[in-house]
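# Descriptive structure summary
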Amino acid sequence: MIGFCGGLTALIVALTLLTGAGSHAGRPAALGEALRVHGVLGPRLRRFAAVVLPFAEGALGAAGTAALVAGHGRGLQAVLAVATGLLVLYAGYTRHVLGLGRGGPCGCSRRDVPLSRWVTRRAVALAALALAGAVLAGAGPVRLSAAELLTLLLAALACTVLLWSLPAAMHEPAETSAHRPATATVHRRAAPTVHQPTAAAARRPAPTTVHAPTEASVHRTAEGVSTRWTSPPAR
């Protein structure tokens, strides 16, 4: 069990260093640009670090993998000890940059992953794994069967992917508050009410005016009987 755990921690660190070296090889200018944005190192030291650090990561990753496969305990222990110091240096540098209130890309990936506390935490976790692997490697060579070696490889690959993608997965972009313009209130005039006659009112006949006869049109006979004429009697 000690041999499996020691091999797992060593392989995770070696694969992570190889991944970092491959990322720097894919974008050679990314690390130098990130160091320039951080504004901590001078121009000469930035150029030196941009060249030396990817080479150191690749060399340590390849040497650690070879020592693990060959079962060389002393060589593996030495590689993991140097890797521990390099990862502690990464953690201290990123913490210092963040403490100054500066940001920018981390310069550790092909994508533009911003520098955050998760980059520091990943470096601390890898440094702890490298230190544990160095201690376990001192107990003796790692001797595993074919099935254990396959399990070790799959577990190391999965852990490496998780650790490598941790800063990008935990990145929280700043929320932007969008102010919507106030909606103007449009006051519309009320439509005039048109009263239309109903069908029953339209069919109703107009009222007729009855003219009552006036006093002048009432004629009385000699007997005193009133007779209505349309015109007065001829004389």
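About the cut-offs
Residues numbered from 1 in each chain as written. Predicted model: local features only at pLDDT ≥ 70, side-chain atom pairs only at ≥ 80, totals over all residues. Heavy atoms only, no water. Helix = DSSP H or I, 4+ residues; strand = E, 2+ residues; numbered from the N terminus. Buried < 20%, exposed > 50% of the residue type's maximum accessible area, 1.4 Å probe, protein only. Contact = heavy atoms within 4.5 Å. Patch = residues over 30% accessible without salt bridge, like charges linked within 9 Å, V, L, I, M, F, W, Y side chains within 5 Å. Areas by Shrake-Rupley, 256 points an atom, 1.4 Å probe, with all protein chains shown as cover. Salt bridge = Lys/Arg side-chain N within 4 Å of Asp/Glu carboxyl O. Disulfide = S-S within 2.5 Å. Phe/Tyr/Trp six-rings, centres within 6.5 Å; stacked < 30°, edge-to-face > 60°. Lys NZ or Arg CZ within 6 Å of the ring centre and 35° of its normal. Axes fitted to C-alpha atoms, helices over the stretch in contact; angles between N-to-C directions. Parallel < 35°, antiparallel > 145°, perpendicular 65-115°, else oblique. Left-handed = near helix turned anticlockwise from the far one by under 90°. Nonpolar A, V, L, I, M, F, W, Y, C, P; charged D, E, K, R; others polar. Core = buried A, V, L, I, M, F, W, Y, C linked by side-chain atoms within 4.5 Å. Expected span 1.5 Å × (residues − 1). pLDDT = per-residue confidence, 0-100.

Take the side chain of threonine 9 next. The topology assignment puts threonine 9 in helix 1 (residues 2-26). Owing to a relative accessible area of 11%, threonine 9 belongs among the buried residues under this scheme. The contacts of threonine 9, once residues within four sequence positions are left out, are Leu129, Ala132 and Gly133.

Attention now moves to a nonpolar patch on the surface. Residues Leu45, Phe48, Val51 and Val52 make up a contiguous nonpolar surface patch of about 370 Å² in total accessible area. Inspection of the secondary structure assignment puts phenylalanine 48 in helix 3 (residues 43-70). Taking relative accessible area as the criterion, phenylalanine 48 reaches 52% and is therefore assigned exposed.

We now examine the state of the cysteines. All told, the structure shown has one disulfide when counted by the stated rule. A disulfide bridge connects cysteine 106 with cysteine 108, and the sulfur atoms are separated by 2.4 Å. Residues cysteine 106 and cysteine 108 are joined through a disulfide that is left-handed, its torsion about the S-S bond being -85°. The residues cysteine 106 and cysteine 108 share a single accessibility class, namely buried.

Overall, the coordinates contain zero aromatic pairs when judged by the stated rule. Positioned above the aromatic ring of tryptophan 118 is the side chain of arginine 121, whose terminal nitrogen or guanidinium carbon lies 4.5 Å from the ring centre. Looking at arginine 122, its charged tip hangs above the ring of tryptophan 164, at a distance of 4.8 Å from the centre.

Relative orientation of the contacting elements helix 2 (residues 28-38) and helix 3 amounts to 140°, with a least axis distance of 9 Å. Of the possible angle classes, the one that applies to helix 2 and helix 3 is oblique. Crossing hand, helix 2 versus helix 3: right-handed. Residue-level contacts link Leu31, Gly32, Leu35 and Arg36 of helix 2 to Arg46, Ala49, Ala50, Leu53 and Pro54 of helix 3.

Contact geometry for helix 3 and helix 4 (residues 73-99): axes closest at 9 Å, N-to-C directions at 150°. When the interaxial angle is binned, helix 3 and helix 4 end up roughly antiparallel. In this structure, helix 3 meets helix 4 at a crossing whose hand is left-handed. Contacts between helix 3 and helix 4 pair Leu53, Glu57, Leu60, Ala63, Gly64, Ala67 and Leu68 from the former with Gly75, Leu76, Val79, Val82, Ala83, Leu86 and Tyr90 from the latter. Classifying every residue of the contact of helix 3 with helix 4 gives 11 nonpolar, two polar and one charged.

So, about the nonpolar core. In this structure, Val13 and Leu76 are the most contacted members of the largest nonpolar core, which totals 35 residues. Elements represented by at least two residues in this core include exactly helix 1, helix 2, helix 3, helix 4, helix 5 (117-137) and helix 6 (146-164). The element best represented in this core is helix 4, accounting for eight residues. With near-sequence residues (within four places) excluded, valine 13 lies in contact with Leu80, Ala83, Leu87, Leu126, Leu129 and Ala130.

In this section: helix 4. In an α-helix, one turn spans 3.6 residues, which is why side chains three or four residues apart end up on the same side. Between its terminal C-alpha atoms helix 4 stretches 38 Å, which fits the 39 Å expected from 27 residues at 1.5 Å a residue. Burial in helix 4 covers these residues: Gly73, Leu76, Val79, Leu80, Ala83, Thr84, Leu86, Leu87, Ala91, Tyr93, Thr94 and Val97. Of the residues trailing helix 4, glycine 101 is marked for its positive phi of about 80°.

So, about the confidence of the model for the protein. When pLDDT is averaged along the protein, the result is 78, and 70% of the positions lie at 70 or above. Under a pLDDT of 50 for its full length, residues 175-179 has, in the predicted model, zero contacts with residues more than four places off or in other chains.

A few words now on helix 3. With 28 residues, helix 3 should reach 40 Å at 1.5 Å per residue; the first-to-last C-alpha distance of 41 Å fits that figure. Buried residues of helix 3: Arg46, Ala49, Ala50, Leu53, Pro54, Glu57, Gly58, Leu60, Gly61, Gly64, Ala67 and Leu68, and no others. Looking at the residues trailing helix 3, positive phi occurs at glycine 71, about 75°.

Now for the environment of glycine 64. One can find glycine 64 in helix 3. A C-alpha to C-alpha distance of 5.7 Å links glycine 64 and alanine 14, two positions 50 residues apart in sequence.

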